[in-house]
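# Residue-level structure breakdown
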Amino acid sequence: MALNVLIVEDEAAIRELIAVNLESAGHHVSRASDAEQALTCIRRTLPDLVLLDWMLPGQSGLAIARRLRANERTRTIPIIMLTAKSAEQDKVLGLEAGADDYVTKPFSPRELLARIKALMRRRAPQLTDDVVEAQGLRLDPTAHRVSGNGLALDLGPTEFRLLHFFMTHAERVYSRAQLLDRVWGDHVFVEERTVDVHIRRLRQALEASGHDRLIETVRGAGYRFAATA
Ligand code: CA
C-alpha cells in the first residue's frame, strides 16, 4: 500500500537516494532537512511514517522524536531513526526517545524497505497489503475488495479504510477522536460526528452478509470491532 513517508535528513545525497527508492516502491515522499521543515510538513499533513536522521543541524532527530511522542496528534506515527551511530547506548537512547526502529548507515535501500514493511505490520497493519479475515468477513487491500461469507460487499473508500482499521485492531474500543486520527489521518478539519455517518454506512454495507453485528457501539466510549461476536 502506498504510504506517505516523511524523510528528515540533512545530507541531500542520502535523502534523495532514500526518496527515489521509496517512490519507485510506490510510496509518496515528503522531504525535510531540519527540525523546522519537518515540523512544518507534519503540521500540514500527518505522515504514515517518519524516517528520521539522528544528526541534524539545530535540533537533533532524537529531540524531534521526543516532540512527536509528546504531542497527542503525532504520538502514534511510526518512526525509524537513521544513524551513523551503532553503539548499544545510542540505540537505547533512540528507542527511549520514541523511535520504533533503528537503521545504521550505511544501509541498503532493500534493507530499509524491508524494515519499513516489518514496522508497518507491527505498528499500522491497516496500511499494509495483508489480507485480513474474521468471522467469514474478508478484506483484501490489494484488490480493494470485501466479502462476507463469499458474498461481495460494496464499500465506499472511507468505509473500506474504517473496516480495515477495525479488522486489524479488533476487540479494542476507539473513541471518535482516535478513529479520526488513525483512519482519516488527521482530525484538524473533520468533525467527530462524521465518524458516526461512516459507521452507519459501513454497517449498511455489511448488512447483506450479517456482519454489521461485528461493529459494536460502546456507549460513552466509541466503537469496537468484535472479531468473536
Ligand atoms: Ca545528518
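All of these numbers come straight from a predicted model, not from anything done at the bench.

Right, let's talk about the side chain of Glu 9 for a bit. Here Glu 9 shows up in the loop between strand E1 (4-8) and helix H1 (12-24). Reaching out from Glu 9, the side chain makes a polar contact with the backbone nitrogen of Glu 11 at a distance of 2.9 Å. In contact with Glu 9, not counting residues within four places along its chain, are Ile 14, Arg 15, Ala 32, Ser 33, Asp 53, Leu 56, Leu 82 and Lys 105.

Attention shifts here to the environment of Leu 39. Structurally, Leu 39 is set in helix H2 (residues 35-44). Taking the relative accessible area as the measure of exposure, Leu 39 reaches 15% and is therefore buried. It is 20 Å that separates the C-alpha atoms of Leu 39 and His 27, two residues lying 12 residues apart in sequence. Those residues within four positions of Leu 39 in sequence are excluded, and the remaining contacts are Arg 67 and Leu 68.

Next up on the list: the packing of aromatic side chains. Per the stated rule, a full pass over the model turns up 2 aromatic pairs. Relative to Tyr 174, the ring of Phe 165 lies with its centre 4.9 Å away and its plane at 70 degrees, an arrangement referred to as edge-to-face. Here Phe 165 matches Tyr 174 in class, with each residue buried.

Quick look at the domain arrangement of the protein chain now. By domain assignment, the protein chain separates into domain 1 (4-127) and domain 2 (132-225). Between domain 1 and domain 2, the C-alpha centre-to-centre distance is 29 Å. Roughly 730 Å² is buried in total at the junction of domain 1 and domain 2, and carbon and sulfur atoms are behind 45% of that figure. On the domain 1 side of the interface with domain 2, the three residues burying the most area are Arg 73, Pro 125 and Gln 126, jointly 64% of the side's total. The interface formed by domain 1 and domain 2 includes 0 salt bridges. At the surface where domain 1 touches domain 2, the tally comes to 1 residue pair in polar contact (both at pLDDT 80 or more). When grouped by side-chain class, the residues that make up the side of domain 1 that touches domain 2 number 2 nonpolar, 3 polar and 4 charged.

It is worth spelling out the coordination of the calcium ion at this point. Under ideal tetrahedral coordination, the four donors around a metal are separated by 109.5 degrees; under ideal octahedral coordination, the six donors are separated by 90 or 180 degrees. Protein ligation of the calcium ion involves Asp 10 (OD), Asp 53 (OD) and Met 55 (O), the donor distances falling in the range 2.1 to 2.3 Å. When the donors of the calcium ion are listed by position in the chain, the intervening gaps give D-x42-D-x1-M. The exposure class of Asp 53 is buried, given its relative accessible area of 2%.

Here is what the cut-offs are and how they apply
Each chain carries its own residue numbering, running from 1 in the direction its sequence is written. Under the rules for a predicted model, residues below a pLDDT of 70 receive no local features and side-chain atom pairs below 80 are neither given nor counted, while totals for whole chains, interfaces and linings still include all residues. Computation of side-chain values covers all heavy atoms of the structure but excludes hydrogens and water. Think of it this way: any DSSP run of H or I at least four residues long counts as a helix, any run of E at least two long counts as a strand, and we number them from the N terminus. N or O atoms closer than or at 3.5 Å make up a polar contact, with two conditions inside protein: a donor-capable atom paired with an acceptor-capable one, and, for residues adjacent in sequence, both atoms drawn from side chains. Contacts are residue-level and defined by heavy atoms, with any inter-residue pair within 4.5 Å sufficient. Burial classes follow relative accessibility: with a 1.4 Å probe on protein chains only, a residue under 20% of its type's maximum area counts as buried, one over 50% as exposed, and anything between as partly exposed. We call Phe, Tyr and Trp rings a pair once their centres come within 6.5 Å, taking the six-membered ring for Trp, and we label the pair stacked below 30 degrees between planes, edge-to-face above 60, and tilted otherwise. Where each domain begins and ends follows an automated or database-derived domain assignment. Put simply, buried area is the surface a 1.4 Å probe can reach on two separate parts but cannot reach once they are joined, added for both. One side-chain nitrogen of Lys or Arg within 4 Å of one carboxyl oxygen of Asp or Glu is enough to make a salt bridge. As a working rule, the residues Ala, Val, Leu, Ile, Met, Phe, Trp, Tyr, Cys and Pro are called nonpolar, Asp, Glu, Lys and Arg charged, and the rest polar, with Gly in that last group. The donor definition counts N, O and S atoms within 2.8 Å of each metal and applies 3.2 Å to Na, K and Ca; water is not among these atoms, so some sites may look incomplete.

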